Amino acid sequence: MYNLQDLQQNAGIVFATGHKATMLDKGQRPPIAMDAGDLLTAPNAGILALFTTYVDPRVIEVLVEPMKAAQVFGETKKGTWTDDFLQFPIAEATGETSSYDDFSENGMSGTNVNWETRDTYYYQTIIELGEREVERAGAAKLDWVARKQIAAALTLNKFQNKTYFLGVAGLRNYGLLNDPSLLPAITPTTWAAKDAAAIFADIQALYAQLISQTGGLVDRNEKMTLILSPEAETHFTKTNQYNVNVTDQLKKNFPNLRIETAPEMSTAAGENIKLIVDSYEGVDTVEPTFTEKMRVHPMVLQLSSWRQKRSQGTVGTIIYRPLMVATAIVAV
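Worth saying up front: this structure is predicted, and the values here are computed from it rather than measured. (Residues numbered from 1 in each chain as written. Predicted model: local features only at pLDDT ≥ 70, side-chain atom pairs only at ≥ 80, totals over all residues. Heavy atoms only, no water.)

J.: Provide a residue-level description of the overall build of the protein chain, including the pertinent values.
T.: Helix and strand counts for the protein chain come out as 7 helices and 13 strands. The 332 residues of the protein chain split such that 33% are buried. Long-range contacts, defined here as pairs at least 24 residues apart, represent 73% of the contacts in the protein chain between residues at least 6 apart. Working note: accessible area of the protein chain is about 20900 Å², and carbon and sulfur atoms make up 54% of it. (Helix = DSSP H or I, 4+ residues; strand = E, 2+ residues; numbered from the N terminus. Buried < 20%, exposed > 50% of the residue type's maximum accessible area, 1.4 Å probe, protein only. Contact = heavy atoms within 4.5 Å. Areas by Shrake-Rupley, 256 points an atom, 1.4 Å probe, with all protein chains shown as cover.)

And the structure:
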């Protein structure tokens, strides 16, 4: 004769029935439940929650701020990942005239060349994948490898976009907002208290600043881009007494003007607003520049995992003709 306690202590056999131990002999079988009043199992009226849980196959992405620099101005590759510096020649015509005389050798023309230097900056991120990790994610219908590749590309491109606006501190690598060659900004007053006519007048003042800087090289029919923050752009919906808003006035007075927004234009100093001549004599005014857009390094095999490095290189934003950029700082 054996009881359940003996079996548990001496043979490692456990009957976790929740009931009083039952005496067993070699010819006796375990008791069989006959009705609800004589349960051998723990009372339960449910099923596993996983059988009544719906998992949506569509993966919802967490939103990030838009990366607008390349979208607005395009971007250009210059150099390779072996280059540490980029040099840009700036040529200026020189010369003087003299009164003509058959035997005179006075008067001379020439060229003066300077070299502007920009530093490159390279940065990286790493993807790690484990065999079990990937298969467990697959059981949840998640393409784990693709999701990590997407994350790496997004991480690198977010930083690239940031350098297009702010450059890289400590290097001769500048962005649209902090290039030291940019001319001083004008400072209109707060837009929140202004009506449509007053806000349009501030844009007119910005255009007048552009004309002053360029010495009349451009006019209001040029292809231009007005870039500002989304918050500042909301004031363009203000309407005057003739039911005409700021955007309508801008389109009428500047027929080739584009209005673009970027979150980075909101700065600690205020709302940065720039009026930019897109190009002059075939040379783009603003050019976001990279050396490497995406370098995928070799996949390294570990014991039961993989690692891969991905990298990019940036030169920030090259502003070829700073006089073609007029800036205003406003409060909203």
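So, next bit.
J.: Please give an account of the environment of A198 that cites residues and values.
T.: Looking at the element boundaries, A198 is found in helix α5 (residues 196-214). On the basis of relative accessibility, which here comes to 24%, the residue A198 falls in the partly exposed class. Spatially, the C-alpha atoms of A198 and V246 are 9.4 Å apart, while their sequence positions differ by 48 residues.

J.: Report on α5, specifying residues and quantitative values.
T.: For α5, built from 19 residues, the straight-helix expectation of 27 Å at 1.5 Å per residue is met to within 8% by its first-to-last C-alpha distance of 27 Å. Buried residues along α5 sit in contact with β5 (224-228), α7 (246-253), β8 (270-277) and β13 (325-330). Looking one or two residues past α5, G215 carries a phi angle of roughly 65 degrees, positive in sign. (Expected span 1.5 Å × (residues − 1).)

J.: Please set out the sheet that holds strand β4 (residues 121-130) residue by residue, giving values where relevant.
T.: Read from one edge to the other, the open sheet built from 4 strands follows the order β1-β11-β12-β4, with strand pairing classed as mixed. Pairing within the sheet leaves two strands with one partner each, and these edge strands are β1 (76-77) and β4. Where β4 and strand β12 (residues 305-319) come together, 10 bridges link them in antiparallel fashion. The partner of Y121 across the bridge, within β12, is T314. (Pairing = 2+ DSSP bridges.)

J.: Residues and numbers for the layout of surface pockets, please.
T.: As a volume, the largest pocket reaches approximately 420 Å³. Listing elements by their share of the lining of the largest pocket, those giving two or more residues are β2 (85-96), β3 (108-119) and β12. When residues of the lining of the largest pocket are assigned to their parent elements, the largest contribution, 4 residues, is made by β2. Here the lining of the largest pocket is composed, by residue class, of 11 nonpolar, 1 polar and 4 charged. (1 Å grid on protein atoms, 1.4 Å probe; cavity = no way out; pocket = protein on both sides within 12 Å on 5 of 7 lines; lining within 4 Å. Points joined across faces, edges and corners; volume = space filled by probe spheres on them. Nonpolar A, V, L, I, M, F, W, Y, C, P; charged D, E, K, R; others polar.)

J.: Give me helix α4 (residues 144-166): which residues, what numbers.
T.: Relative to the 33 Å expected for 23 residues at 1.5 Å per residue, α4 spans 33 Å between its end C-alpha atoms, a close match to the ideal helical length. On its buried side, α4 packs onto α2 (69-73), β4, β11 (286-301) and β12. Of the residues flanking the end of α4, it is G167, one or two places downstream, whose phi is positive at about 65 degrees.

J.: Go over the environment of V246, please, and point to the residues and values.
T.: Relative to the elements of secondary structure, V246 occurs in helix α7. In this structure V246 comes out as buried when scored by relative accessible area, which is 0%. Sequence separation of V246 and A196 is 50 residues, and the distance between their C-alpha atoms is 5.7 Å. If sequence neighbours within four positions are ignored, V246 has contacts with A196, I199, F200, H235, F236 and K238.

J.: Any chance you could break down the packing of helix α3 (residues 131-139) against α4 for me, citing the residues and the numbers?
T.: Helices that pack against each other are described as a pair by the angle of their axes relative to one another and the distance between those axes. Orientation of α3 relative to α4, taken along the N-to-C sense of each, is 105 degrees, at an axis distance of 9 Å. The angle between α3 and α4 falls in the class roughly perpendicular. Here α3 contributes E133, V134 and A137 to the contact with α4, which in turn contributes W144, V145 and K148. Here the contact of α3 with α4 is composed, by residue class, of 4 nonpolar, no polar and 2 charged. (Axes fitted to C-alpha atoms, helices over the stretch in contact; angles between N-to-C directions. Parallel < 35°, antiparallel > 145°, perpendicular 65-115°, else oblique.)

J.: I'd like a description of the pattern of salt bridges, backed by residues and values.
T.: Throughout the structure, instances matching the rule amount to 13 salt bridges. Put simply, K148 and E133 hold a salt bridge, and the shortest N to O gap is 3.0 Å. Pair noted here: K148 is in helix α4 and E133 is in helix α3, with a separation of 15 residues, a long-range link. Given a relative accessible area of 23%, K148 falls into the partly exposed group. (Salt bridge = Lys/Arg side-chain N within 4 Å of Asp/Glu carboxyl O.)

J.: Explain empty space enclosed by the protein residue by residue, including any values.
T.: Scanning the entire structure with this criterion turns up 1 cavity of 30 Å³ or more. As a volume, the largest cavity reaches approximately 30 Å³. Taken together, I203, Y207, L250, F254, L257 and L275 form the lining of the largest cavity. Residue composition of the lining of the largest cavity, by class: 6 nonpolar, no polar and no charged.

J.: Can you explain the packing of aromatic side chains? Please cite residues and give values.
T.: Between two aromatic rings, the relevant description is the distance of the centres plus the angle of the planes. Under the definition given, this model contains 6 aromatic pairs. Taking 6.0 Å as the distance between ring centres and 40 degrees as the angle between the ring planes, the aromatic pair formed by Y121 and F159 counts as tilted. Taken together, the residues span a long stretch of sequence, with Y121 in strand β4 and F159 in helix α4 at a distance of 38 residues. In this structure Y121 comes out as partly exposed when scored by relative accessible area, which is 30%. In textbook terms, an aromatic cluster arises when at least three aromatic residues are bridged by ring pairs, as seen for Y121, Y123 and F159. Above the ring of F290, the side-chain terminus of K293 is found at 5.8 Å from the ring centroid. Residue placement shows R295 over the ring face of W81; its charged tip is 3.8 Å from the ring centre. (Phe/Tyr/Trp six-rings, centres within 6.5 Å; stacked < 30°, edge-to-face > 60°. Lys NZ or Arg CZ within 6 Å of the ring centre and 35° of its normal.)

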